[in-house]
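Residues per chain are reported as follows:
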Amino acid sequence: MGQRRHWQWQYLRQASLALAVGGLLIATLAGCRPPQADSVEEPRQTRPLERTQLELVSRDGQRATLSVEIAASPAQRQKGLMGRETLAADAGMLFLYPAPRAADFGFWMYHTLIPLDIAYLKASGEIVAIRAMAPCPSGDDCPTYPAGASFSVALEVNQGYFERHGFAVGDRVILPPGLLDRPSAGAPSGASD
């Protein structure tokens with residue numbers, strides 16, 4: 001009888017140990033499972049956009065330099081300057097497209113918090129249109145600002161920049177060599193799509 005109790009005690013002890021280890025294993029695996037469909041995930045960190053320097057040249061020889069971020073992929077062009085609260089006085093964003101955009105193609109200010117000017121450029125860098133764009137932080141009824149002329153590149157800067165520096169339609173932005181020759185990062189897209 002004493003041996004039988006010893007065997008039961010050993011059995012219970014091993015069973016308890018197995019249950020404890022099993023419970024830990026289940027808890028560990030549950031912590032490693034993918035998030036539930038209705039859970040909220042933190043947005044992924046995105047790599048900083050590539051930067052370059054641009055020189056603007058007016059027909060009368062006036063010059064200015066801008067430090068710009070390059071939005072070349074569809075996702076980068078779609079995000080643009082959304083959500084930013086400031087933009088340095090001598091900074092901007094350059095939007096590159098794999099093919100020229102039609103005159104009715106435009107930008108909008110969906111979730112954009114700062115007033116901007118946009119210059120639409122030919123592949124040569126000639127400015128074909130400039131539009132002033134108002135912030136539209138809520139996303140409701142944001143107007144579109146069409147170019148009004150075919151363009152290959154768009155340049156966004158703080159509102160009033162072009163006027164303050166004396167730049168107008170017909171002036172040029174000197175684009176770095178090879179900038180427009182890079183392979184397309186995807187299908188044509190735009191800030192308004």
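One can find the structure itself at the top, above this paragraph.
**Q** Teacher, can you tell me more about unusual backbone geometry here?
**A** With the exception of glycine, the majority of residues adopt a negative phi angle, and the majority of peptide bonds are in the trans configuration. The residue histidine 111 is not glycine, and still its phi comes out positive at about 60°. Assignment of secondary structure puts histidine 111 in the loop between strand S4 (106–108) and strand S5 (116–121). Given the relative accessible area of 32%, histidine 111 is considered partly exposed.

**Q** Please clarify how the nonpolar core should be interpreted in this entry.
**A** A general trend in soluble globular proteins is that nonpolar side chains are found buried together. Core analysis: the largest hydrophobic core is formed by 24 residues, its most contacted members being Phe95, Phe107, Leu116, Tyr120, Met133, Phe151 and Ala154. Counting only elements with at least two residues in this core, the list comes to strand S3 (91–101), S5, strand S6 (127–133) and strand S8 (151–158). The leading source of residues in this core is S3, at 4 residues. Sequence-distant contacts of methionine 133, that is, excluding residues within four places in its chain, are made with Phe107, Met109, Pro115, Leu116, Ile118, Tyr145, Glu156 and Gln159. Grouped together as the second largest cluster of nonpolar side chains are 21 residues, Leu56, Ile127, Leu155 and Leu179 included.

**Q** Is there a simple way to explain the pattern of salt bridges in this structure?
**A** Where charged atoms from two side chains of opposite charge approach closely, those side chains can pair. Scanning all chains against the criterion turns up 4 salt bridges. Glutamate 55 is paired through a salt bridge with arginine 63; the nearest N and O atoms lie 2.7 Å apart. Looking at glutamate 55, the relative accessible area reads 28%, which means it is partly exposed. We note a salt bridge from glutamate 126 to lysine 122, for which the minimum N-O separation is 3.5 Å. Judged by its relative accessible area of 27%, glutamate 126 is partly exposed. Owing to a relative accessible area of 38%, lysine 122 belongs among the partly exposed residues under this scheme.

**Q** When you look at the state of the cysteines in this model, what are you seeing that I'm missing?
**A** Disulfide: a covalent bond formed between the sulfur atoms of two cysteine residues. Inspection of the entire model under this criterion finds 1 disulfide. Note that cysteine 136 is cross-linked by a disulfide to cysteine 142, the S-S spacing being 2.0 Å. Between cysteine 136 and cysteine 142 the sulfur-sulfur dihedral comes to about -90°; the bridge is accordingly left-handed. Each of the two residues, cysteine 136 as well as cysteine 142, counts as buried.

**Q** Explanation requested: the side chain of glutamate 69 in the structure shown.
**A** Looking at where glutamate 69 falls in the secondary structure, it is placed in strand S2 (residues 63–71). Polar contacts involving the side chain of glutamate 69 include one to the side chain of arginine 84, which spans 2.6 Å. Ignoring any residue separated from it by four or fewer positions in sequence, one finds glutamate 69 in contact with Leu49, Glu50, Arg51, Leu81, Arg84, Gly92, Met93 and Leu94.

**Q** Would you explain the pairing of S6 in this entry?
**A** A regular strand places its side chains on the two faces of the sheet in alternate fashion. Bridge count between S5 and S6: 6 bridges; the pairing is antiparallel. Pairing of leucine 121 across the sheet is with isoleucine 127, part of S6. What sits between S5 and S6 in their antiparallel hairpin is a turn of 5 residues, with glycine 125 showing a positive phi close to 95°.

**Q** Just to check I follow, could you spell out the environment of arginine 164 for this structure?
**A** Here arginine 164 is to be found in helix H3 (residues 161–165). Overall, arginine 164 belongs to the exposed group, its relative accessible area being 56%. Engagement of the side chain of arginine 164 in a polar contact is seen with the backbone oxygen of glutamine 159, the distance being 3.4 Å.

**Q** Would you take a moment to explain the packing of aromatic side chains for this structure?
**A** What describes a pair of aromatic rings is the distance from one ring centre to the other and the angle between the planes of the rings. Applying the stated rule across the entire model yields 9 aromatic pairs. When the centroid spacing of 4.9 Å and the interplanar angle of 80° are considered together, the rings of phenylalanine 95 and phenylalanine 107 count as edge-to-face. Residue phenylalanine 95 is located in strand S3, and its partner phenylalanine 107 is located in strand S4; the two are separated by 12 residues in the primary sequence. Residue classification places phenylalanine 95 among the buried positions, given a relative accessible area of 1%. A relative accessible area of 0% means that phenylalanine 107 is categorised as buried. Three or more aromatic residues joined by ring pairs form one cluster here, namely Phe95, Tyr97, Phe105, Phe107, Tyr120 and Phe151.

Reading the values: rules and limits
- Residues numbered from 1 in each chain as written.
- Predicted model: local features only at pLDDT ≥ 70, side-chain atom pairs only at ≥ 80, totals over all residues.
- Heavy atoms only, no water.
- Helix = DSSP H or I, 4+ residues; strand = E, 2+ residues; numbered from the N terminus.
- Buried < 20%, exposed > 50% of the residue type's maximum accessible area, 1.4 Å probe, protein only.
- Core = buried A, V, L, I, M, F, W, Y, C linked by side-chain atoms within 4.5 Å.
- Contact = heavy atoms within 4.5 Å.
- Salt bridge = Lys/Arg side-chain N within 4 Å of Asp/Glu carboxyl O.
- Disulfide = S-S within 2.5 Å.
- Polar contact = N/O pair within 3.5 Å; in protein donor to acceptor, adjacent residues only side chain to side chain.
- Pairing = 2+ DSSP bridges.
- Phe/Tyr/Trp six-rings, centres within 6.5 Å; stacked < 30°, edge-to-face > 60°.

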